[in-house]
Structures are given as structure tokens and as C-alpha cells.
Amino acid sequence: MINMGFFINGKELTGDDSSKVLNPADGSIVGSVASGNEKIVDIAVSAAKNAFECWWAFSAARRGEILYSCANAVKSNVDELSALLTSEQGKPIKEAKMEIFRFAHTLEHYAGMAKSLRGGSVPNLDQNPARMGLILKRPLGVCGAITPWNFPLSLAGNKLGPGLIAGNTFVLKPASTTPLTVLKVASIMFDAGLPAGVLNVVCGPGGVVGERLATHPDVAKIGFTGSTPVGKDVMSKASSTVKRVTLELGGSDPFIVMSDADVDKAVSACSVGRFFNCGQACLAVKRVFIDEPIYEEFKEKLIEKVKKITVGSGFDTSNRMGPLHTKGQREEVEGQFNDAVNKGAKILVGGNRPSGDSHDKGNYLMPTVLENCSKDSKMNTEEVFGPALPLWKVSGMNEAIEKSNDSPFGLGSSVWTKDLDAAMRAAEKIESGYTWINSISKIYDELPFGGMKESGLGSEHGYEALEHYMATKSVVMGINEA
Ligand code: NAP
């Protein structure tokens, strides 16, 4: 059992209340964590505010050196951290290790950009050579980061990497069900040289801790990743103090396969894209549109592939898919595909819970593929956050694009065709923040990522993320004019 408090001002603080952290693979208790309230948030914000001037006073290059040390320290603890992540989140240990490295790589990516942070200048204002305009970039101050449970660490890294390099300090609120790895990492980063108060972690209910962050007058920005309804709520609460917000929200990503596509590669990308992390990814493949001539071939090959996915504890390296994160999450996904079946859909593979001693206590669900889901079924209208995948037949690219865009979401999308002209036209027309053409749906630190429509606001990754953590200010300087 691991018992952890809050991490504030470089120290672990205990709280009056605590909550249990459960293992999704068997329901056992992994540990407990202090559960915060408004007062604890205020203490953490005050620590971040006190640390801000000192952190900002460091050169960006020095901040970069510190983030490199933090990344190295995290990487050298990968075994312990990945085991903790699998215990509290449920994902296979291989995926947990990938997530720890992804977090470290994001810190390294922004550490590498530190020396390129700069503003600009405009000479000769009013045609006066003695009058110069300066464009300054400065940090925003204290930032709040609110993160979900599906990628507890890497999604925190998407905020901390650009935000810390830009000179901001943070109060981070992790999901209540996955606080342990993040708390451990905060203390590793402190030991690696991140000054006290620069990164503070407060766990507790989103409606209390998250809401206080969103309304706190000393918090300049909220970087939020989570569901669309909560994102909207955070945005409206943040408006009371005109905070900046970056919102990375839900998605229902289309995956289009045209008849000239490499079907084997498309099937493989589709399977990984849907069943990675047990389907609990914002950018998972969630709706598949297949050109009529290859529909049957694609379907049969996908079914064969999905039948081979082994389901079980994330600690057994022969398992490709772990449990869903919570019992409620499993019931929600089952409700969504049952709704489709009641409206005429057919389950092609899966659709059941695996049984037996090693599965009965966990939140397991077999990987599921369906066809004939009606337009009004939840498989089409809602975000499906689990291992269930609907297939639809289409006649050509135009119909596929039309169906792709018929959604309130606009996060990612995939297009598989050998006709690159058609693929580029589709990439332009599909309303999503990312399009993969003949490529697996993977995120890159180098490329900005942000949803269209109800999938989000602003960008993470790329240089663009840095801009979201800096204020731009103009200065007019009269040289010898006074
Ligand atoms: P969620 O319910 O929206 O929770 C996300 C975070 O918000 C958690 O820390 C939660 O705290 C907190 N929260 C809940 N209510 C709040 C409130 N009223 N005010 C402030 N904060 C509040 O989302 P989830 O179920 O954890 O995560 C799954 C969702 O995240 C999916 O929709 C997925 O698509 C989306 N997601 C998007 C991206 C992206 O980059 N676009 C990436 C990953 C996930 P508690 O845990 O205490 O409730």
C-alpha cells in the first residue's frame, strides 16, 4: 500500500481527508491519497506564486538544463514508475513504459527549445530612428493543469514542458483515480533540481479542487484535458477572471479506407489505433468508413486481427490489452454497444466480458467490432471510450468525408489511399486537428495538436504550445528622446 499526501512547495503534506486508489485489474487497493479542498488549493497557488519570480528570473537556458535533469531522473526511475502506472491505471506495462518515456521526451523537447525563446523588435517607429518598438515574451504566472486518467503522466507533460520552459509555475490536479504516478514524478523532479513551489500537485474531487483552480484570481491560465462537458464547464468558470484556457477534449475520430489502400497495413493501424490503452484514448480510432469494394476484405481481416488480441493483467507481458479503467467506464461502453444492437447493429467479434479466475475481479471487456450501427445509435453520436469499434460501408471519398464531419467532435482523423492528391484534399476537408495519411495515429512533439469544433481550443505540442504559455507585450523605447 502506498499512501501519499499533496506535493506543495517541495514537501509532501498530509490532508484531513483521503481517498483510495484501486487497481482496475482486480479491484485491490493500490494505495491512498490525500484529498484536497479549496483551502489546500489556495496554499498550493500561494506556493506557486511565491516561486514564480525566482523561476522566471532564471534564464530560459537554465530552466532548460533543469528540465533535462528532470527528464533524466524520470527515465532512470522508469521501472518503478511504470509499475505504479500499470497498478493504478490498468494499461499493459509496455504501454506504461512508453508513457513514462513520452513524458520525459516532452520535457526534453521543450528544454531543447529554451535557447530559442525570444521576442522581436521594430525599428524606426513614426519614421523616427530614435524610436524603437520591442516585442517581449513573458510567462503568464501561475498556471493550473487539470488532467484525466487515461494518460495521467504524458498529458501532464504536455502542459509542464512548454509551461515551465516559458517560466510559469504550476498547480497540477490529476484525476482522482490516477494520482500516484504523478505525485511520485513531482517529487523526482524536485530532487532533480526543480525549485520548491515551481510544481505543486493537489489531488481531490474535480468539482472542488479543479473548480477552485478555474476560478482562483491568482491563476492566470488553465491547461485542461478531459471530457467535453467538463471542459465547457472549466471554460465558463475560467471566464470569471478572464483566464486563458487550453482545452484538449473528447473525440470520435474517423478512419477512412479507400479501395486502393494497402488493406493489411490499414487493418493493422486500425486495430492498434482502436485497442491501444483498451480504447481509452482521445485520439483512438472510433468510427471506420470503408469503401464498398473492399468492405468485406477489410472486415474479415480486422476480425481475424482482433480475435488475436489477448486480454488480461497489464503485468503479464503476453497480454496486449488490459482492463477498462473503472467498472463505470466498462458499463458505459457496454451500454453504448447494447444501444446499437437494440437499434439493429450486429456484433462481429467480442461484445462480452472474459470470464475465469484471472478476469472476474477486473474491469475486462473483450475487444468488440460491430457493423450496421444506425445513425442515431450512441456508437455514432457519442464518444466511445473503450474497446468497441463500429464499421460503416461508404461509396467513395466524398461520402466518407461527409460522414466523418457529421459529428460535434473534430480531434483526429485517418485516411488510407494510394491516391495522395485525394488524400490531401480529404485532409483539408475533414474537420479535425490532425490527419494521418497512410500512417498510424501517433502524436509527435514536433507537431501542434488541438481539436476543432467541440474537441478543443488551442494547441499542445510544437512551438504553438509555448505561445499558449506566454504573454506578448509591446514596449516603445525612445532612445535619447526624453
Ligand atoms: P473528465 O471527467 O472530464 O475529467 C478530467 C479531469 O477534470 C479530472 O482531473 C477530473 O477530476 C477533473 N474535473 C472533473 N470535474 C471537474 C470540474 N467541474 N471542474 C474542474 N475539473 C473537473 O475526463 P476523464 O473521464 O477523466 O477523461 C476522459 C476524457 O478525456 C475523454 O473524453 C477523452 O477524450 C478526453 N481526453 C482528451 C484528450 C485530448 O488531448 N483531446 C486526451 C486525453 C483524454 P476527477 O478525476 O476528480 O473527477
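Scroll up to find the structure.
Residues numbered from 1 in each chain as written. Predicted model: local features only at pLDDT ≥ 70, side-chain atom pairs only at ≥ 80, totals over all residues. Heavy atoms only, no water.

Caption draft 1: Inspection of the overall build of the protein chain at higher detail. For the protein chain, the helix and strand inventory stands at 16 helices and 23 strands. In terms of C-alpha radius of gyration, the protein chain reaches 23 Å, essentially the compact-globule figure of 23 Å for 482 residues. Counting only C-alpha atoms, the protein chain reaches 80 × 60 × 40 Å along its principal axes. Going through the 482 residues of the protein chain one by one, you find that 56% of them count as buried. Of the roughly 19,300 Å² that the protein chain leaves accessible, carbon and sulfur atoms contribute 52%. Of the charged side chains in the protein chain, 51 are positive and 55 negative, and the gap between their average positions amounts to 3 Å. (Helix = DSSP H or I, 4+ residues; strand = E, 2+ residues; numbered from the N terminus. Rg over C-alpha atoms; globule rule 2.2 N^0.38 Å. Buried < 20%, exposed > 50% of the residue type's maximum accessible area, 1.4 Å probe, protein only. Areas by Shrake-Rupley, 256 points an atom, 1.4 Å probe, with all protein chains shown as cover. Lys, Arg positive; Asp, Glu negative; His and termini not counted. Charge placed at Lys NZ, Arg CZ, Asp CG, Glu CD.)

Caption draft 2: Quick look at unusual backbone geometry. Although it is not a glycine, Q127 adopts a positive phi angle of roughly 55 degrees. Here Q127 lies in the loop between strand 6 (120-122) and strand 7 (131-139). Here V242, not a glycine, exhibits a phi torsion of approximately 50 degrees, which is positive. For V242, a relative accessible area of 72% translates into the label exposed.

Caption draft 3: Here's a closer look at the layout of surface pockets. Within this model, the second largest pocket holds a volume of roughly 240 Å³. Lining the second largest pocket are P92, I93, K94, E95, M98, V272, F276, G314, D316, T317, N319 and R320. Residue contributions to the lining of the second largest pocket peak at four residues, all from helix 4 (residues 93-113). Split by residue class, the lining of the second largest pocket holds five nonpolar, three polar and four charged. (1 Å grid on protein atoms, 1.4 Å probe; cavity = no way out; pocket = protein on both sides within 12 Å on 5 of 7 lines; lining within 4 Å. Points joined across faces, edges and corners; volume = space filled by probe spheres on them. Nonpolar A, V, L, I, M, F, W, Y, C, P; charged D, E, K, R; others polar.)

Caption draft 4: Local environment of the site of the ligand. Neighbouring the ligand are 31 residues; T147, S176, S227, L249 and E383 lie closest to it. L249 places a main-chain nitrogen or oxygen 2.7 Å from a nitrogen atom of the ligand. Coverage of the ligand by the protein amounts to 86% of the 910 Å² it exposes when considered alone. Elements with a minimum of two residues in the shell around the ligand: helix 7 (206-215), strand 11 (219-225) and helix 8 (228-238). Top element by residues in the shell around the ligand is helix 7. It accounts for four residues. (Near = heavy atom within 4 Å. Polar contact = N/O pair within 3.5 Å; in protein donor to acceptor, adjacent residues only side chain to side chain.)

Caption draft 5: Highlighting the pattern of salt bridges. Under the criterion given, the structure shown has 25 salt bridges. Note that K75 and E108 form a salt bridge whose closest N and O atoms lie 2.5 Å from each other. Remark: E108 occurs in helix 4 and K75 occurs in helix 2 (residues 60-76); sequence separation between them is 33 residues. Ionic pairing is found between E334 and R353, a salt bridge with its closest N-O pair at 2.8 Å. (Salt bridge = Lys/Arg side-chain N within 4 Å of Asp/Glu carboxyl O.)

Caption draft 6: Structural view of the packing of helix 2 against helix 5 (residues 154-165). Contact geometry of helix 2 with helix 5 gives a least axis separation of 9 Å together with a crossing angle of 150 degrees. Classified by the angle between their axes, helix 2 and helix 5 sit roughly antiparallel to one another. The segment helix 2 lies against helix 5, with R63, G64 and L67 engaging G161, L164 and I165. Partitioning the contact of helix 2 with helix 5 into residue classes produces three nonpolar, two polar and one charged. (Axes fitted to C-alpha atoms, helices over the stretch in contact; angles between N-to-C directions. Parallel < 35°, antiparallel > 145°, perpendicular 65-115°, else oblique. Contact = heavy atoms within 4.5 Å.)

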